[in-house]
Amino acid sequence: MTTLELPASMVLHDRTGETATQPILYAFALEELLCRAIGKAAPPILHIWRHPRAFVMGLRDSRLPNAVEANEWLLSQGYDTAVRNSGGAAVPLDLGVVNVSLLLPKSAGDMEHRKDFDLMVALIRDGMSAMTNQIDQGEVMGSFCPGEFDLSIGGRKFCGIAQRRQLHAISVQAFIIVEGLGEEKASLARGFYERAAGSASPKDYPVVASGSMASLSECLQIELSAERFTDNLVQMMAVKGARVQIPRDIPGYPSEEEIHSMMELLKQRYAIKQ
């Protein structure tokens, strides 16, 4: 089990209060630019954020035969949709989901990605240590966005982790379902794939099963809000030396114009294709 050892200069950027102002692509554009700044010697950052109603697809999801029609179905229900440039598959987001990203420098020749996943797992375990020590790691069959670094309690997944690697920086991204009903999110993901799959083989996309997903509140049978979870995480990071900072105090923080330009670039580069 990896021990959580964070860089001494780690900065904590908590955007969980900005829940009604930005499109879903904003967070991914921001992280793309922050990673570029970190690659030029800006400090590593822990970015925490939420979105009120979004559905984020993986690259393979966006290439499914009927992805355009499935995307239109999501838009008709008021979901903001996007294709992310990191690994993994589709993830529904709402205010009960806390997104945590570790933005770290990397050497140009560093090809070992497991240690970065392990660091995120250690961070989440530490952040939840006062609540439980019964977190399992390993792919949860039937979950959405399945992977080796799924985190679960009692066989139900509450967290998935993906990576985005640049030449000199890396973003390790986790979604953590803190409150609400995991089955509702699983049903939405299942509905997307039922519409998007078309003639694709079930090997080409996750087959989302009932009972595979749950929120931490459901897993632990406690009342746990996203706000409380975030506060616990921020306090734990502060104890470990991370400094909470606002944008103007973070070296290399991009301007709004730069972020929106990157959003347009990502939208064009990762557009859903028929």
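Conventions and cut-offs
Residues numbered from 1 in each chain as written. Predicted model: local features only at pLDDT ≥ 70, side-chain atom pairs only at ≥ 80, totals over all residues. Heavy atoms only, no water. Phe/Tyr/Trp six-rings, centres within 6.5 Å; stacked < 30°, edge-to-face > 60°. Lys NZ or Arg CZ within 6 Å of the ring centre and 35° of its normal. Helix = DSSP H or I, 4+ residues; strand = E, 2+ residues; numbered from the N terminus. Buried < 20%, exposed > 50% of the residue type's maximum accessible area, 1.4 Å probe, protein only. Salt bridge = Lys/Arg side-chain N within 4 Å of Asp/Glu carboxyl O.

Colleague: I keep staring at the packing of aromatic side chains and nothing clicks. Help me out?
Modeller: What describes a pair of aromatic rings is the distance from one ring centre to the other and the angle between the planes of the rings. Scanning the entire structure with this criterion turns up six aromatic pairs. Put simply, the rings of Phe55, Phe192, Tyr193 and Tyr205 pair up and form one aromatic cluster. Stacked on the ring of Tyr79, the Lys or Arg Arg53 has its end atom at 4.0 Å from the ring centre. Lying across the ring of Trp73, Arg195 places its NZ or CZ 3.8 Å from the centre.

Colleague: How should I be thinking about unusual backbone geometry in this particular structure?
Modeller: Across the chain, the bulk of peptide bonds are trans and the bulk of non-glycine residues have phi less than zero. The backbone of Ala41 sits at a positive phi, close to 90°, despite the residue not being glycine. You can see Ala41 is positioned in the loop between helix 1 (25-39) and strand 2 (45-49). Positive phi values are uncommon outside glycine, yet Gln221 reaches one of about 55°. Tracing the backbone shows Gln221 in the loop between helix 6 (216-220) and helix 7 (226-239). With relative accessibility at 74%, the residue Gln221 sits in the exposed group.

Colleague: Would you take a moment to explain the pattern of salt bridges for this structure?
Modeller: Working definition: two side chains of opposite charge can pair if their charged atoms are close together. Scanning all chains against the criterion turns up 12 salt bridges. A salt bridge links Arg60 to Asp204; the shortest N-O distance between them is 3.6 Å. One end of the pair, Arg60, is in helix 2 (residues 59-62); the other, Asp204, is in the loop between helix 5 (182-196) and helix 6, with 144 residues separating them in the sequence. The exposure class of Arg60 is exposed, given its relative accessible area of 55%. The network of salt bridges with common partners includes Lys115, Asp116 and Arg165.

Limitation: the analysis is restricted to geometry and does not speak to function.
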